[in-house]
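Summary of structural features
Spelled out, the chains give:
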Amino acid sequence: MSKFESDKKLVGEDSPGYLHSNLSANRIFESNPKVKIIIILRDPAGRAYSQYWHMMKNFKITKSFERTVIDRPWELLPRSIYKEGVQRFYERFGIENVKTVFFEDFTDSPKNIVAEVLDWLGVDSRKLPVETYDIHSNQAKLPRSKLLHFFVSKSLGPYLAKSPAQSTSSGWVRISEFVRKMLRRIYEAININEHSRPPAMNIETRKVLDEYFKEQNRTLDEIVGKELSEIWYKSKK
């Protein structure tokens, strides 16, 4: 894992999959036991809702958020259950080598959080260029026509998905990455509203999910040393 190796520079890598892998903490430790681990956590219900809209955009889901949670909970809920994954990294690397950052704190005060993380890494944040603090927003965008999006998802979705799973056995013919990107760009130009944003989550749905995730992530407060009810489970108050 050369990306973790360097004599003079801090080298990093990021992946949303490591936290939920039973193997990643041990494998990273075996590669470099002195590595610093930064974990970014987000309001669990909000993270699941965001994932839903990204999957909708990528032609992987066509039903409502609530219907998807009921019919395919394994698609949206597991990655918002943080406790076991966080605990694995803290136990393997030690509390002094793991820093947990909260997405809500970062969006509220990006400069302060970046400076805090850099100080923890031993980097002088004062030397960073101003553009370093620009927030990359990966918000999902909505289709202009839901009916057209539904039709395209059902008929061409496997061709347009960013991680296509075409197979000749299922009747789909494989296409080149160039053709896939071209088709996707044409569709997005026709039916994706670049300035749209997903609607707020249904209040009752939020309450149910907050209750569920609060139980699933019970004792996470103790692991990360922060009262999570103050920032995540406000609908319970």
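Just so we're clear, the structure is a prediction, and the values are computed from it rather than from any experiment.

**Considering the overall build of the protein chain**
Across its full length, the protein chain holds 11 helices and four strands. By residue count, 36% of the 237 residues in the protein chain fall in the buried class. When contacts within the protein chain are restricted to residue pairs at least 6 apart in sequence, those whose partners lie at least 24 apart make up 69%.

**Description of the nonpolar core**
Within the largest apolar cluster, 37 residues are counted, with the highest numbers of intra-cluster contacts made by Leu41, Leu76, Val86, Leu220 and Trp232. Mapped onto this core, the elements with two or more residues apiece are helix H1 (24-31), strand S1 (37-41), helix H2 (44-57), helix H3 (65-71), helix H5 (83-93), strand S2 (98-102), helix H10 (203-216) and helix H11 (220-224). No other element matches H2, which puts seven residues into this core. Among all residues touching Leu76, those that are not within four sequence positions of it are Arg47, Ala48, Gln51, Tyr52, Met55, Ile61, Phe65, Thr68 and Val69.

**With respect to the pattern of salt bridges**
Within this structure, the stated rule accounts for nine salt bridges. Between Glu75 and Arg72 there is a salt bridge, with its nearest N and O atoms 2.6 Å apart. The class of Glu75 is partly exposed, set by a relative accessible area of 24%. One salt-bridge network, in which partners are shared between bridges, spans Asp43, Arg206 and Asp210.

**What to know about the packing of H2 against H10**
Between H2 and H10, whose axes approach to 8 Å, the crossing angle comes to 120 degrees. Between H2 and H10, the angle falls in the class oblique. Here Pro44, Ala45 and Gly46 of H2 come into contact with H10, specifically with Arg206, Leu209, Asp210 and Phe213. Looking at the contact of H2 with H10 residue by residue, the class counts come to four nonpolar, one polar and two charged.

**Focus on the confidence of the model for the protein chain**
Overall, the predicted model of the protein chain reaches an average pLDDT of 82, with 80% of residues at or above 70. Note on residues 165-169: pLDDT under 50 across the span, and nine contacts to partners over four residues away in sequence or across chains.

**A few points about the packing of H1 against H5**
At a minimum axis separation of 9 Å, H1 and H5 run at an interaxial angle of 25 degrees. Taken together, the axes of H1 and H5 lie roughly parallel to each other. Here the hand of the crossing between H1 and H5 comes out right-handed. Between H1, through Ser24, Ala25, Asn26, Ile28 and Phe29, and H5, the contact on the second element is made entirely by Arg88, Phe89, Arg92 and Phe93. When grouped by side-chain class, the residues that make up the contact of H1 with H5 number five nonpolar, two polar and two charged.

**Some remarks on H1**
When H1 is considered as a whole, its buried residues turn out to be Ser24, Ala25 and Ile28. Here the buried residues of H1 occupy an arc of 100 degrees about the axis, which is enough to place them on one side. Along H1, the residues that are exposed and aim more than 90 degrees away from the buried face are Arg27 and Glu30. For H1, the secondary structure elements touched by its buried residues are S1 and H5.

**A few points about the packing of aromatic side chains**
Counted under the stated rule, the structure contains 10 aromatic pairs. Judged by centre distance (5.4 Å) and plane angle (70 degrees), the rings of Phe29 and Phe93 are edge-to-face. With Phe29 in helix H1 and Phe93 in helix H5, this residue pair connects regions lying 64 residues apart in the sequence. On the numbers, 6.1 Å between centres and 90 degrees between planes, the contact of Tyr49 with Trp53 is edge-to-face. Of this pair, Tyr49 and Trp53 both sit in helix H2, four residues apart, roughly one helical turn. According to the relative accessible area criterion, Tyr49 is buried, its value standing at 13%.

**So, the pairing of S2**
A regular strand places its side chains so that they alternate between the two faces of the sheet. Most of S2 is tucked away: five of the five residues are buried. Here S2 shows a buried face lined by Val98, Thr100 and Phe102 and a second buried face lined by Lys99 and Val101. As defined by bridge partners, S1 adjoins S2 across five bridges and the pair is classed as parallel. Considered in S2, the bridge of Ile39 is made with Thr100.

What counts and what doesn't
- Residues numbered from 1 in each chain as written.
- Predicted model: local features only at pLDDT ≥ 70, side-chain atom pairs only at ≥ 80, totals over all residues.
- Heavy atoms only, no water.
- Helix = DSSP H or I, 4+ residues; strand = E, 2+ residues; numbered from the N terminus.
- Buried < 20%, exposed > 50% of the residue type's maximum accessible area, 1.4 Å probe, protein only.
- Contact = heavy atoms within 4.5 Å.
- Core = buried A, V, L, I, M, F, W, Y, C linked by side-chain atoms within 4.5 Å.
- Salt bridge = Lys/Arg side-chain N within 4 Å of Asp/Glu carboxyl O.
- Axes fitted to C-alpha atoms, helices over the stretch in contact; angles between N-to-C directions.
- Parallel < 35°, antiparallel > 145°, perpendicular 65-115°, else oblique.
- Nonpolar A, V, L, I, M, F, W, Y, C, P; charged D, E, K, R; others polar.
- pLDDT = per-residue confidence, 0-100.
- Left-handed = near helix turned anticlockwise from the far one by under 90°.
- Arc of directions from axis to C-beta.
- Phe/Tyr/Trp six-rings, centres within 6.5 Å; stacked < 30°, edge-to-face > 60°.
- Pairing = 2+ DSSP bridges.

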